[in-house]
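An overview of the molecular structure
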Amino acid sequence: MGIVKTIVWFRRDLRIEDNPALAAAAKDGSVFPVYIWCPKEEGHFYPGRVSRWWLKQSLAHLEHSLKSLGAELMLIKTDSTLATLVECINAVGAAKVVFNHLYDPVSLVRDYNIKEKLVELGISVQSYNGDLLYEPWDVYDESGHAFTAFEAYWNKCLHLQMEPVSPFPPWKLVPASGTVKNCSVEELGLEDELEKSSNALLGRAWFPGWSNADKALTEFVERHLLDYSNNRQKVGGNSTSLLSPYLHYGELSVRKVFQYVRMKQILWAKEGNSLGEESINLFLRAIGLREYSRYLCFNFPFTHERSLLSNLKFFPWNADQANFKAWRQGRTGYPLVDAGMRELWATGWIHNRIRVVVSSFAVKVLLLPWRWGMKYFWDTLLDADLESDILGWQYISGSLPDGHELQRLDSPEIQGSKFDPEGEYVRHWMPELARMPTEWIHHPWDAPLSVLKASGVELGFNYPKPIIEIDLARERLIEAIFKMWEMDAASRDANSDVMNEVVVDNSDGTKNLAIAKVVENSGGTENSSIPKVLLKERIPCPTISSNDQKVPTVQNSKHYPFYRKRSKYMEGEKPLPGDLHKHNNEAGTSRTDEDLRSTAESSSTKKQTTSRNTFSVPQLSYSSEDNFFPVYDSSDLKQPWQEQINMQQSSNKDVTGVSS
Ligand SMILES: Cc1cc2nc3c(=O)[nH]c(=O)nc-3n(C[C@H](O)[C@H](O)[C@H](O)COP(=O)(O)OP(=O)(O)OC[C@H]3O[C@@H](n4cnc5c(N)ncnc54)[C@H](O)[C@@H]3O)c2cc1C
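Parameters at a glance
Residues numbered from 1 in each chain as written. Predicted model: local features only at pLDDT ≥ 70, side-chain atom pairs only at ≥ 80, totals over all residues. Heavy atoms only, no water. Core = buried A, V, L, I, M, F, W, Y, C linked by side-chain atoms within 4.5 Å. Buried < 20%, exposed > 50% of the residue type's maximum accessible area, 1.4 Å probe, protein only. Helix = DSSP H or I, 4+ residues; strand = E, 2+ residues; numbered from the N terminus. Contact = heavy atoms within 4.5 Å. UniProt positions renumbered as here; feature names shortened; annotations may be inferred. Axes fitted to C-alpha atoms, helices over the stretch in contact; angles between N-to-C directions. Parallel < 35°, antiparallel > 145°, perpendicular 65-115°, else oblique. Left-handed = near helix turned anticlockwise from the far one by under 90°. Nonpolar A, V, L, I, M, F, W, Y, C, P; charged D, E, K, R; others polar.

Regarding the nonpolar core
By size, the foremost hydrophobic cluster in this structure holds 83 residues, and its most contacted members are F10, Y35, L59, Y153, L225 and F283. The element that contributes the greatest number of residues to this core is helix 13 (residues 274-299), accounting for 10 residues. Excluding residues within four positions of it along the chain, F10 makes contact with R15, N19, L22, P33, V34, Y35, L62, L66 and L73. Counting 69 residues, the second largest nonpolar core, distinct from the first, contains C297, L312, Y376 and I468.

Brief notes about the UniProt feature "site: Electron transfer via tryptophanyl radical" (unreviewed entry) in the chain
Mapped onto this structure's residue numbering, the UniProt feature "site: Electron transfer via tryptophanyl radical" (unreviewed entry) falls at W317, W370 and W393. Along the chain, W317 turns up in the loop between helix 13 and helix 14 (321-329). Here W317 falls in the buried class, since its relative accessible area comes to 15%. Tracing the chain through its elements places W370 in helix 17 (residues 370-380).

Re the packing of helix 12 (residues 254-271) against helix 13
Between helix 12 and helix 13, the shortest axis-to-axis distance is 9 Å and the interhelical angle comes to 160°. Between helix 12 and helix 13, the crossing angle belongs to the class labelled roughly antiparallel. At the point where helix 12 passes helix 13, the crossing takes the left-handed sense. Counting all contacts with helix 12, which are made through V254, V257, F258, V261, R262, K264, Q265, W268 and A269, the residues of helix 13 involved are G276, E277, I280, N281, F283, L284, I287, R290 and E291. Tallied by class, the residues present in the contact of helix 12 with helix 13 amount to 10 nonpolar, three polar and five charged.

Here is the structure:
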């Protein structure tokens, strides 16, 4: 045993097993585990109520585990993570800080700055991969470009070597002594008094903590994985793994998940179990999407603010607060959308299919800025995860080359009959529609008056009329797309003489910056519009391990002209007007309806269509494209939805007025 004293900085790696930073520190000598809660540094991405509830339970769980291994977890609330780390280093006399990597835009910048400052102070800093199968900087295409489509990225990943799971967690920790001003989990203030009553029910359904994550994984693999392929589209019930909150807080090692599932794959392949094999492929693709979300954030660190296909910069969003409120409250008049939003409100959880339905509705029908929806999901989801949230919203809003087309507008009525054929999901979350017959449950506005009466539904009173008719929404969407193209073209004309952008990848320390350059795809045709990050030069940094985090920052945001054109329009119900059709024909490719069922199943790589891309360092201030996050009344997020609806009804507002 050496004598090195190491600060182990826990963040979203709240586990003992397969935790590379903890294992390395334990191997070297004594450890001083800390969790630092710094709300100020979270900025706009301060976690929501249910996510903080989860974090609180998970920290308590980790605290117990570490104690049983011999070390105490220091919980510290602060205004500056850096200052607190320095305080810990001084208190302990530590020479080293270790942590596991994070890839969201806020952490990328914070971690880079902290690492730089600590190294300046002569502290050794080592960081590790505790969150991914493959580090984002290890997966590039043949020419050293970052992938911009999932399929190609994931194929490449599946051919790469993966680090094995650390076989044994540390069985004993030697504590490094030192006194710092720490507090209890309760004193961190993750849950205020008002929130406690709303959170009370969460504890009946969810069991945060790394050892519970382990149980959830075993239960899923042994009992439900086989039917994942058949069941994953069922919107009611527990048809998927429900592992996302555990994965978000790093309570489960994704490498462990992968290896466990791979073992099953080998077994089922040997048995000729084709259903099992199909289920495993689909499940691993879902894990791949999580990897891809981190990959995009790392390589395109602006994507929390701006779409990857930056033509959306010119999209004429309808930043209507009343529509946004109706969507949040489940008062759009479209039962499947409303049921999804009520479930999200009440439980902090919705199925991936429902996430796609409600998010697409916000963007395509209400024309709400996608970043508003992304922020609302962030605030309300139990598994709120910035990278996956960004990926999800960009997928559905036409912002990614292989996501849903911007023109595609699915009718919630048709989706309702597809995904909730008996209307059970809607009836469960919409008591006011509980007595509607199945025939009308997804389109009550078409129901005869006698049926509405018998069901106790009074449209415009106890359930709203559709916030906008779907045909009108289609026309509005098409108009908006035309407008976007016009502005895009005008901007291209105005910027026709710009230079290539230069992207700088901060490997570590300013002297060791690897220069990356944004280049156009070859060919110059309409599908060559995604700028790629090309690593031009890599200079090894002697002060860090080969595992160490690399942080892309970007210099220069000269505008760059690119085209964006696409094929295929709506869900096959109405042809688009001539001009739009022409645009689409130029794009050349399309995808099948099946492909679009879920972001986890997106399989066809479409041709890329974009206009111009600008790059920026992710700062903790927010501007650009759809410039701001809406500030919704925080009380909206605290009351149970039913209370809100009652309040709305009694004041007789907002029932029909939301469409104005
Ligand atoms: C608009 C939108 C927003 C989303 N926001 C989030 C979010 O904030 N946090 C989050 O964890 N997921 C998000 N997702 C992805 C997906 O809906 C959830 O990961 C999934 O529903 C979680 O359920 P599960 O664990 O049972 O998934 P399973 O189907 O069992 O999948 C296993 C794991 O794979 C990962 N995964 C599956 N699908 C996706 C996906 N499409 N993108 C990224 N990872 C995926 C998750 O980590 C998940 O736990 C979002 C999807 C959309 C369309």
